[in-house]
Amino acid sequence: MLDAVPTIAYPVLGMTCDHCVRAVRDELAALDGVAAVDVELSTGRAVVTSDRPLPVEAVRAALDEAGYELAAEPTG
Ligand SMILES: [Cu+2]
C-alpha cells in the first residue's frame, strides 16, 4: 500500500530553528492529500509524503504562507 505514496524532499530557504520547523510542518500538513511531513532543520528540507502528486505551486504557496521559500524545484 505504501509503495504508491509519493515522498518528495523540498528544499526550503529560511528555516533557522525549531519554530521554523513547526511552522513549515504545519503549513505543509494542511495541504490537501498530504499524509506526513518530516522537516529537517539540519538539511533545510521538508520531506512530504502524499497520497497523490502535489502541485509544486501549492507547496510553494504553503511555504510562502509560513514565511519561507521553496529553494528549488524538488528532484524527488
Ligand atoms: Cu525559527
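Predicted model, so just to flag it, every value in this text is computed and none were measured. (Residues numbered from 1 in each chain as written. Predicted model: local features only at pLDDT ≥ 70, side-chain atom pairs only at ≥ 80, totals over all residues.)

(A) Layout of the environment of cysteine 17. Mapped onto the fold, cysteine 17 is located in the loop between strand S1 (7-13) and helix H1 (18-29). Look at cysteine 17 and you get exposed, because 9 C-beta atoms sit within 10 Å. (Helix = DSSP H or I, 4+ residues; strand = E, 2+ residues; numbered from the N terminus. Buried ≥ 20, exposed ≤ 12 C-beta atoms within 10 Å, placed from the backbone.)

(B) How the structure looks around helix H2 (residues 56-66). Here H2 has its buried residues at Val59, Ala62, Leu63 and Ala66. Each buried residue of H2 sits inside an arc of 100° when the element is viewed along its axis, so together they form one side. Exposed and oriented more than 90 degrees from the buried face of H2 are Glu57 and Asp64. (Arc of directions from axis to C-beta.)

(C) Structural context of the sheet that holds strand S4 (residues 69-70). Sheet architecture is open: four strands sit in the order S2-S3-S1-S4, paired in antiparallel fashion. One side of each edge strand has no neighbouring strand; the edge strands of this open sheet are strand S2 (34-40) and S4. As paired elements, S2 and strand S3 (residues 45-50) share six bridges and run antiparallel to each other. Looking across to S3, one finds that glutamate 40 is bridged to arginine 45. Lying on the sheet, H1 is in contact with S1, S2 and S3; it crosses S2 at an angle near 160°. (Pairing = 2+ DSSP bridges. Contact = placed C-beta atoms within 7 Å. Axes fitted to C-alpha atoms, helices over the stretch in contact; angles between N-to-C directions.)

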